[in-house]
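Now for the letters of each chain:
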Amino acid sequence: MALEADLPAALRHFRESKAVTQEAVAHAAGLTVSTYARIERGEADPRWTTVMRIADALGVTASELVSAAEEGPPNEP
């Protein structure tokens, strides 16, 4: 699965579509801003539990996040 390669784009897509900062997502997910930023840049490989916490912080399901990572973020209407 190419989750590691595409997860950063999916994270960025959902975060920007909800107009929230990396700081806000990091805080809501219980991460430091630097850790979240490294994940969003593809410099860190999060554990599954961290992916689930980030998805929750972004207001999406982990399934939606993984699907976007595998298939590309959904098109905006």
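Below, the structure is looked at part by part. (Residues numbered from 1 in each chain as written. Predicted model: local features only at pLDDT ≥ 70, side-chain atom pairs only at ≥ 80, totals over all residues. Heavy atoms only, no water.)

**Notes on the pattern of salt bridges**
Evaluation of the coordinates by the stated rule reveals two salt bridges. For Arg15, the salt bridge identified is with Glu40, shortest N-O distance 2.8 Å. Linking Arg15 in helix α1 (residues 3-17) with Glu40 in helix α3 (residues 33-40), this pair joins segments that are 25 residues apart in sequence. With respect to class, Arg15 is no different from Glu40; both count as buried. For Glu43, the salt bridge is made with Arg41, and the minimal N-O distance between the two is 3.0 Å. Here Glu43 falls in the partly exposed class, since its relative accessible area comes to 48%. (Salt bridge = Lys/Arg side-chain N within 4 Å of Asp/Glu carboxyl O. Helix = DSSP H or I, 4+ residues; strand = E, 2+ residues; numbered from the N terminus. Buried < 20%, exposed > 50% of the residue type's maximum accessible area, 1.4 Å probe, protein only.)

**A closer look at unusual backbone geometry**
A positive phi angle is found at Ala19, which is not glycine, with a value near 55°. By secondary structure assignment, the location of Ala19 is in the loop between α1 and α2 (22-29).

**Topic: the packing of α2 against helix α4 (residues 48-58)**
Look at α2 against α4: their axes get within 8 Å of each other, and the N-to-C directions meet at 120°. By the angle between their axes, α2 is oblique relative to α4. The element α2 and its partner α4 pack so that their crossing is right-handed. Seen from α2, the contacting residues are Val25, Ala28 and Ala29; seen from α4, they are Arg53, Ile54, Ala57 and Leu58. For the contact of α2 with α4, the class distribution of residues is six nonpolar, no polar and one charged. (Axes fitted to C-alpha atoms, helices over the stretch in contact; angles between N-to-C directions. Parallel < 35°, antiparallel > 145°, perpendicular 65-115°, else oblique. Left-handed = near helix turned anticlockwise from the far one by under 90°. Contact = heavy atoms within 4.5 Å. Nonpolar A, V, L, I, M, F, W, Y, C, P; charged D, E, K, R; others polar.)

**A closer look at α3**
Buried within α3 we find Tyr36, Ala37, Ile39 and Glu40. The buried residues of α3 occupy an angular sector of 160° when the element is viewed end-on, so they sit on one face. One or two residues past the end of α3 sits Gly42, with phi positive at roughly 80°. (Arc of directions from axis to C-beta.)

**Side note on the nonpolar core**
In terms of nonpolar packing, the biggest core is built from 20 residues, with Leu11, Leu31, Tyr36, Ile54, Leu58 and Leu65 touching the most fellow members. Elements represented by at least two residues in this core include exactly α1, α2, α3, α4 and α5 (62-71). Ignoring sequence-local partners within four residues, the contact set of Leu31 consists of Ala26, Tyr36, Ile39, Thr50, Arg53 and Ile54. (Core = buried A, V, L, I, M, F, W, Y, C linked by side-chain atoms within 4.5 Å.)

**Quick look at α5**
One turn of an α-helix holds 3.6 residues; hence residues three or four places apart share an orientation. When α5 is considered as a whole, its buried residues turn out to be Ala62, Leu65, Val66, Ala68 and Ala69. All buried residues of α5 fall inside an arc of 160° around its axis, so they share one side. Opposite the buried face of α5, at more than 90 degrees from it, the exposed residues are Ser63 and Glu71. Gly72 lies just past α5 and shows a positive phi near 100°.

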